[in-house]
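Structural features, examined
Residue strings, one per chain:
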Amino acid sequence: MSTEIITALLALIGTLVGSLGGILTAGKLSNYRIEQLEKKVEKHNNIVERVYAVENSVKSAHHRIDELREEMNK
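So, a few notes on the structure that sits alongside this text. (Residues numbered from 1 in each chain as written. Predicted model: local features only at pLDDT ≥ 70, side-chain atom pairs only at ≥ 80, totals over all residues. Heavy atoms only, no water.)

Some details on the overall build of the protein chain
A count of helices and strands for the protein chain gives one helix and zero strands. Each of the three principal axes of the protein chain carries a C-alpha extent, and together these read 110 × 10 × 5 Å. Residues counted as buried form 0% of the 74 residues belonging to the protein chain. On the protein chain, roughly 7100 Å² of surface is accessible, and the fraction owed to carbon and sulfur atoms is 63%. Of the side-chain charges in the protein chain, 10 are positive and 10 negative, and the distance between the mean point of each set is 5 Å. (Helix = DSSP H or I, 4+ residues; strand = E, 2+ residues; numbered from the N terminus. Buried < 20%, exposed > 50% of the residue type's maximum accessible area, 1.4 Å probe, protein only. Areas by Shrake-Rupley, 256 points an atom, 1.4 Å probe, with all protein chains shown as cover. Lys, Arg positive; Asp, Glu negative; His and termini not counted. Charge placed at Lys NZ, Arg CZ, Asp CG, Glu CD.)

Given below as structure tokens:
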């Protein structure tokens with residue numbers, strides 16, 4: 001084989017290895033970012049659930065306060 005063919009094959013192999021390495025690295029980074037976003041969404045959802053529970057508790061307390069006021073005014 002001539003040196004031009006060997007050089008071309010080495011360049012092709014180098015290009016393929018570099019491209020595949022870049023694709024794998026980008027995929028790992030994307031997966032990491034998705035995992036981090038999933039954690040943030042989970043925290044957000046937990047806060048939303050807790051706020052909903054607190055709102056119901058406060059609503060209940062307000063109703064009870066109104067009932068006590070009515071009893072005091074009688």
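Side note on the pattern of salt bridges
Side chains carrying opposite charge are able to pair once their charged atoms draw close together. Inspection of the entire model under this criterion finds one salt bridge. Residues Glu 67 and Arg 64 are paired through a salt bridge, measuring 3.3 Å at the closest nitrogen-oxygen approach. Of this pair, Glu 67 and Arg 64 both sit in helix α1 (residues 3-73), three residues apart, which is roughly one turn of the helix. (Salt bridge = Lys/Arg side-chain N within 4 Å of Asp/Glu carboxyl O.)

Brief notes about the environment of Leu 12
Assignment of secondary structure puts Leu 12 in helix α1. Given the relative accessible area of 45%, Leu 12 is considered partly exposed. Separated by 49 residues in sequence, Leu 12 and Ala 61 have C-alpha atoms that sit 73 Å apart.

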